[in-house]
Amino acid sequence: MTWLNLSPTALMLLGGVILTLGDLAIKTWIIQQNRPAFWLGMAIYMAGMAVLAHTFRHRNIATASIICVVFNVITLIIATRFLYGETISRQQYLGMGVGVMAIVILEMESS
């Protein structure tokens, strides 16, 4: 177990979700011209990167970064669908599937 008693994989996924929250705060800043949302987004990004950094003790930096970013993209696509009504294209569905396959392959390597 690692920081917060989570496995490295759980930490990477948590980092991806935190980065998604930062992305959503930045989108709020863009839509509403709300400067505090920009700074909130930046603070959330830093928290997400701190969580990711803890996984580097247990995983290759490139592997951990890829897993975190793929999960961030998947959760961001889903979140913007529900929060902003954005459609999910076939290419995005395909990309999410390829991303999940990449995570499975990368995690098989670490087993």
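Remember, predicted model here, so these are calculated numbers, not experimental data.

**Student:** I keep staring at the overall build of the protein and nothing clicks. Help me out?
**Tutor:** What the protein contains, in helices and strands, is four helices and zero strands. Counting from the amino terminus, the protein carries its helices and strands in the arrangement α-α-α-α. In terms of overall dimensions, the protein has C-alpha extents of about 45 × 35 × 20 Å along its principal axes. Classification of the 111 residues of the protein by burial places 36% in the buried group. Taking all contacts inside the protein whose residues are at least 6 apart in sequence as the whole, residues at least 24 apart take part in 62%. Where the 6 positive side-chain charges of the protein centre and where its 4 negative ones centre are 7 Å apart.

**Student:** Before we go on, may I ask you to explain the pattern of salt bridges in this structure?
**Tutor:** Pairing between side chains becomes possible if they bear opposite charge and their charged atoms approach one another. Following the criterion strictly, the structure yields two salt bridges and no others. Salt-bridge contacts for Lys-27 lead to Glu-86; the nearest nitrogen and oxygen are separated by 3.0 Å. Separated by 59 residues along the polypeptide, Lys-27 in helix 1 (residues 8–32) and Glu-86 in the loop between helix 3 (61–84) and helix 4 (90–110) bring together distant segments of the chain. Glu-86 gets classed as partly exposed once you look at its relative accessible area, which sits at 32%. Between Arg-59 and Glu-107 there is a salt bridge, with its nearest N and O atoms 3.0 Å apart. Pair noted here: Arg-59 is in the loop between helix 2 (35–55) and helix 3 and Glu-107 is in helix 4, with a separation of 48 residues, a long-range link. The class for Arg-59 is buried, based on a relative accessible area of 16%.

**Student:** Would you explain helix 1 in this entry?
**Tutor:** Along an α-helix, residues three or four positions apart point the same way, because every turn accommodates 3.6 residues. Counted at 1.5 Å a residue, the expected span for helix 1 with its 25 residues is 36 Å, and the 36 Å between its end C-alpha atoms agrees. Remark: Gln-33 follows helix 1 within two positions and exhibits a positive phi of approximately 50°.

**Student:** I keep staring at the packing of aromatic side chains and nothing clicks. Help me out?
**Tutor:** The description of an aromatic ring pair uses the distance of the two centres, along with the angle that the planes make with each other. For the structure on display, the rule yields two aromatic pairs. Between Trp-29 and Phe-38, the aromatic rings sit 4.8 Å apart at their centres with planes inclined by 55°, giving tilted as the arrangement. Taking the relative accessible area as the measure of exposure, Trp-29 reaches 27% and is therefore partly exposed. By relative accessible area, Phe-38 is classed as buried at 19%. Taken together, a centroid distance of 4.8 Å and an interplanar angle of 80° make the contact between Phe-38 and Trp-39 edge-to-face. Linked through ring pairs, Trp-29, Phe-38 and Trp-39 together constitute an aromatic cluster. The ring of Tyr-84 is capped by Lys-27, whose NZ or CZ atom sits 5.1 Å from the centre of that ring.

**Student:** Looking at this structure, how should I read the packing of helix 1 against helix 3?
**Tutor:** Two measures define how a pair of helices packs: the angle their axes make with one another and the distance between the axes. Relative to each other, helix 1 and helix 3 sit at 45°, their axes nearing to 7 Å. Overall, the two elements helix 1 and helix 3 adopt an arrangement that is oblique. Every pair of crossing elements has a handedness; the one defined by helix 1 and helix 3 is right-handed. When helix 1 is examined against helix 3, the residues Met-12, Leu-13, Gly-15, Gly-16, Val-17, Leu-19, Thr-20, Asp-23, Leu-24, Lys-27, Thr-28 and Ile-31 are found in contact with a partner set consisting of Ala-64, Ile-67, Cys-68, Phe-71, Asn-72, Thr-75, Leu-76, Ala-79, Thr-80, Leu-83 and Tyr-84. Residue classes in the contact of helix 1 with helix 3 are distributed as 14 nonpolar, seven polar and two charged.

So, how was this worked out
Residues numbered from 1 in each chain as written. Predicted model: local features only at pLDDT ≥ 70, side-chain atom pairs only at ≥ 80, totals over all residues. Heavy atoms only, no water. Helix = DSSP H or I, 4+ residues; strand = E, 2+ residues; numbered from the N terminus. Buried < 20%, exposed > 50% of the residue type's maximum accessible area, 1.4 Å probe, protein only. Contact = heavy atoms within 4.5 Å. Lys, Arg positive; Asp, Glu negative; His and termini not counted. Charge placed at Lys NZ, Arg CZ, Asp CG, Glu CD. Salt bridge = Lys/Arg side-chain N within 4 Å of Asp/Glu carboxyl O. Expected span 1.5 Å × (residues − 1). Phe/Tyr/Trp six-rings, centres within 6.5 Å; stacked < 30°, edge-to-face > 60°. Lys NZ or Arg CZ within 6 Å of the ring centre and 35° of its normal. Axes fitted to C-alpha atoms, helices over the stretch in contact; angles between N-to-C directions. Parallel < 35°, antiparallel > 145°, perpendicular 65-115°, else oblique. Left-handed = near helix turned anticlockwise from the far one by under 90°. Nonpolar A, V, L, I, M, F, W, Y, C, P; charged D, E, K, R; others polar.

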